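Observations on the three-dimensional arrangement
Here is how the chains run, residue by residue.
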Amino acid sequence: MPSKKRGIICGLVISGWILLGAIIITVNCLPLYWGLVRHYHWGQSLGLNDQAAFREYLRVWQFLNFPTRTTIGGHLALSVPAQTHFQDVKHLVWGVYIGFIGITALIKPVWRWSHDAYSLWLARLVLRGVAGISICLASLAIVDFNDFFVIFHQLLFRNQDWLFDPRRDQIINLLPSYYFAICFGLFFALFIGGILLGIWVLFTQRQRE
């Protein structure tokens, strides 16, 4: 395979691996929610203390992560569309897990046949492009997170089930918009940081060639 294709594929594989890894860490960052719910007391509007609110959140997390969990359960009202949305999210989460495992299996062989200087330079170029796009997206999210959040859902979901009604879907009171803003902030920090680290690793590798 020509060095040009090897370099581009290497850059895309590394970017994909970092992307999915950042998503996995963000989805499973339980200490983040625990710290926020203790600070903001999101459960108060539902008559829940911080521990009870965290348990309700933990049920959602378990539903998303465990294949054997078919319902969220808990004591909070959840409409049928909201349940369908969480099922859609579960499919996406497991798609991320499977994709991460698949790309992890590709990392070593792709790395082996991309060791010439030109391939490494191209891989770094791809990562620089990804970093630039990511910084632009993060900037847009900072400027107007509400519109960014709506567009994000419109791109990922082909229905309106993600539009929760706080009266019928009480769980949304424990997941305010600024919680998702913080999650996106964590994701972009992990992803952009990982990409920059990847650029540095490729640069040092090229210096050895």
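Residues numbered from 1 in each chain as written. Predicted model: local features only at pLDDT ≥ 70, side-chain atom pairs only at ≥ 80, totals over all residues. Heavy atoms only, no water.

Taken as a whole and assessed by the stated rule, the structure comprises 3 salt bridges. E56 serves as the salt-bridge partner of R59, at 2.9 Å between the closest nitrogen and oxygen. Linking R59 with E56, this pair stays in helix α3 (residues 50-65), spanning 3 residues, or about one helical turn. For R59, a relative accessible area of 22% corresponds to the partly exposed category. Among the ionic pairs, R167 bridges to D165, the shortest N-O distance being 3.3 Å. (Salt bridge = Lys/Arg side-chain N within 4 Å of Asp/Glu carboxyl O. Helix = DSSP H or I, 4+ residues; strand = E, 2+ residues; numbered from the N terminus. Buried < 20%, exposed > 50% of the residue type's maximum accessible area, 1.4 Å probe, protein only.)

One can describe the packing of helix α2 (residues 30-40) onto α3 by two numbers: an axis separation of 10 Å at closest approach and a directional angle of 150°. The angle between the axes of α2 and α3 places the two elements in the roughly antiparallel class. α3 is crossed by α2, and the crossing has right-handed handedness. Touching L30, Y33, W34, V37 and R38 of α2 are D50, Q51, A53, F54, Y57, L58 and W61, all from α3. (Axes fitted to C-alpha atoms, helices over the stretch in contact; angles between N-to-C directions. Parallel < 35°, antiparallel > 145°, perpendicular 65-115°, else oblique. Left-handed = near helix turned anticlockwise from the far one by under 90°. Contact = heavy atoms within 4.5 Å.)

Counting residues in each nonpolar core, the largest one holds 32 residues, and the members touching the most others are Y33, W42, Y57, F86, I171, L174 and Y179. Contributing elements (two or more residues each) for this core: α1 (3-27), α2, α3, α4 (80-112) and α7 (177-208). Per-element accounting of this core gives the leading share, 8 residues, to α3. Ranked by size, the runner-up nonpolar core spans 25 residues in total, among them V130, F188, I199 and L202. (Core = buried A, V, L, I, M, F, W, Y, C linked by side-chain atoms within 4.5 Å.)

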